[in-house]
Amino acid sequence: MEAKNEARAILKYARISPRKVNIVNDLIRNKPVGVALGILNNTPKAASPLLIKLLNSAVANAENNYHMDTDKLYVAEVYANAGPTLKRVQPRAQGRAFRILKRTSHITVVVKEKD
């Protein structure tokens, strides 16, 4: 298989708002993989476990599919786009209904090899 200079992992339909994920994304962008995992392990946000799993998957893809050196990898891109919104209804006073929007995300992590 021909060597490619990037590997990616995508998580679709994650039940967390993209706005919440992007706060954590900004912490790990352009960091070496080891440093990024350390940051994620010590960040008390709901998005952290999702991103740890996704980053490990991207590293495994780089190693197994593209034969990259895992010690030279860094987080080149990480972003969260909005997925479909689940619409739910909460009852309110006097017979009214209040709409709740349960947002979902499509999260992408791209790792590249440092030259």
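Residues numbered from 1 in each chain as written. Predicted model: local features only at pLDDT ≥ 70, side-chain atom pairs only at ≥ 80, totals over all residues. Heavy atoms only, no water.

Details of helix H2 (residues 33–41)
Selection criterion: Categorising residues by exposure relies on relative accessible area from a 1.4 Å probe, with only protein chains included: less than 20% of the type maximum marks a residue as buried, more than 50% marks it as exposed, and the intermediate range marks it as partly exposed. Per the convention used, a helix needs a DSSP run of H or I reaching at least four residues, while a strand needs a run of E reaching at least two, with both numbered from the N terminus. Directions from the helix axis toward the C-beta atoms define the arc.
Considered for burial, the residues of H2 that qualify are Val 33, Ala 36 and Leu 40. What you see down the axis of H2 is that its buried residues fit within an arc of 60°, all on one side. Residues Gly 34 and Asn 41 are exposed on H2 and point more than 90 degrees away from its buried face.

Thoughts on the packing of H2 against helix H3 (residues 47–66)
Formally: Axes, fitted as lines to C-alpha atoms, cover a helix only where it is in contact. Angles between the N-to-C directions of the axes lie from 0 to 180 degrees. In these notes the angle categories are as follows: under 35 degrees is roughly parallel, over 145 is roughly antiparallel, 65 to 115 is roughly perpendicular, and the rest is oblique. Should the near helix be turned counterclockwise from the far one by less than a right angle, the crossing is left-handed, whereas a clockwise turn marks it as right-handed. Contacts: residue pairs with any heavy atoms within 4.5 Å of one another. Each residue is assigned to one class: nonpolar for Ala, Val, Leu, Ile, Met, Phe, Trp, Tyr, Cys and Pro, charged for Asp, Glu, Lys and Arg, and polar for all the others, Gly among them.
Two elements in contact, H2 and H3, have axes separated by 9 Å at closest approach and are oriented at 160°. One way to sum up the angle between H2 and H3 is to call them roughly antiparallel. The way H2 lies across H3 gives a crossing that is left-handed. Listed contacts from H3 to Val 33, Ala 36, Leu 37, Leu 40 and Asn 41 of H2 are Ser 48, Leu 51, Ile 52, Leu 55, Asn 56 and Val 59. When its residues are assigned to classes, the contact of H2 with H3 shows 8 nonpolar, 3 polar and no charged.

Observations concerning the side chain of His 106
Rule in force here: Pairing of N or O atoms within 3.5 Å defines a polar contact, subject to two protein rules: one partner must be a possible hydrogen donor and the other a possible acceptor, and residues neighboring in sequence count only if both atoms are side-chain atoms.
In this fold, His 106 is placed in strand S5 (residues 105–113). His 106 gets classed as buried once you look at its relative accessible area, which sits at 18%. Side-chain polar atoms of His 106 contact the backbone nitrogen of Tyr 13, separated by 3.2 Å. Those residues in contact with His 106 that sit more than four places away from it in its chain are Leu 11, Lys 12, Tyr 13, Tyr 79, Ala 80, Asn 81, Ala 82, Gly 83 and Pro 84.

Considering the environment of Ser 57
As for its placement among the helices and strands, Ser 57 is situated in helix H3. A relative accessible area of 31% places Ser 57 in the partly exposed class.

Looking at the sheet that holds strand S2 (residues 73–82)
Short version of the rule: Strands pair, by our definition, only if DSSP identifies at least two bridges between them.
One open sheet holds the 3 strands; their spatial order is S1-S5-S2, and the pairing between them is antiparallel. Since the sheet does not close on itself, it has two edges, and those belong to strand S1 (6–14) and S2, each with one partner. Taking the axes of each pair of neighbouring strands and ignoring which way they run, one obtains an average angle of 15° across the sheet. Bridge analysis of S2 against S5 gives 9 bridges, and the strand direction is antiparallel. The partner of Val 78 across the bridge, within S5, is Val 109. Across the face of the sheet, helix H1 (residues 18–28) comes into contact with S2 and S5 while running at roughly 165° to S2.

A closer look at the pairing of S5
Burial of S5 is extensive: 7 of the 9 residues sit out of reach of the surface. When S1 meets S5, the two strands line up antiparallel, connected through 7 bridges. If you follow Leu 11 over to S5, its bridge partner there is Ile 107.

As for a positive patch on the surface
What counts, and what does not: In this analysis, a patch consists of residues with relative accessible area above 30% that form no salt bridge, clustered at 9 Å for like charges and at 5 Å for the nonpolar side chains Val, Leu, Ile, Met, Phe, Trp and Tyr. Accessible surface is estimated by sampling points in the Shrake-Rupley manner with a 1.4 Å probe; for residues, cover comes only from the protein chains shown. Just to be clear on terms, a salt bridge is a Lys or Arg side-chain nitrogen sitting within 4 Å of an Asp or Glu carboxyl oxygen. Charged-residue counts in this description rest on Lys and Arg as positive and Asp and Glu as negative, His and the chain ends being excluded. In plain terms, the charge of a residue is placed at NZ if it is Lys, CZ if Arg, CG if Asp and CD if Glu.
Residues Arg 15, Lys 20, Lys 45, Arg 88 and Lys 102 make up a contiguous surface patch of positive charge. Examined against the element boundaries, Arg 88 turns out to sit in strand S3 (residues 86–91).

Considering the nonpolar core
How we decide: Among buried residues, those of type Ala, Val, Leu, Ile, Met, Phe, Trp, Tyr and Cys that are joined through side-chain atoms within 4.5 Å constitute a nonpolar core.
One finds Leu 51, Val 109 and Val 111 to be the most contacted residues of the largest nonpolar core, which totals 26 residues. Mapped by element, the contributors of at least two residues to this core are S1, H1, H2, H3, S2 and S5. If one sorts the elements of this core by residue count, H3 sits on top with 8 residues. Leaving out residues up to four positions away in the same chain, Leu 51 has contacts with Val 21, Val 24, Asn 25, Leu 40, Val 78, Ile 107 and Val 109.

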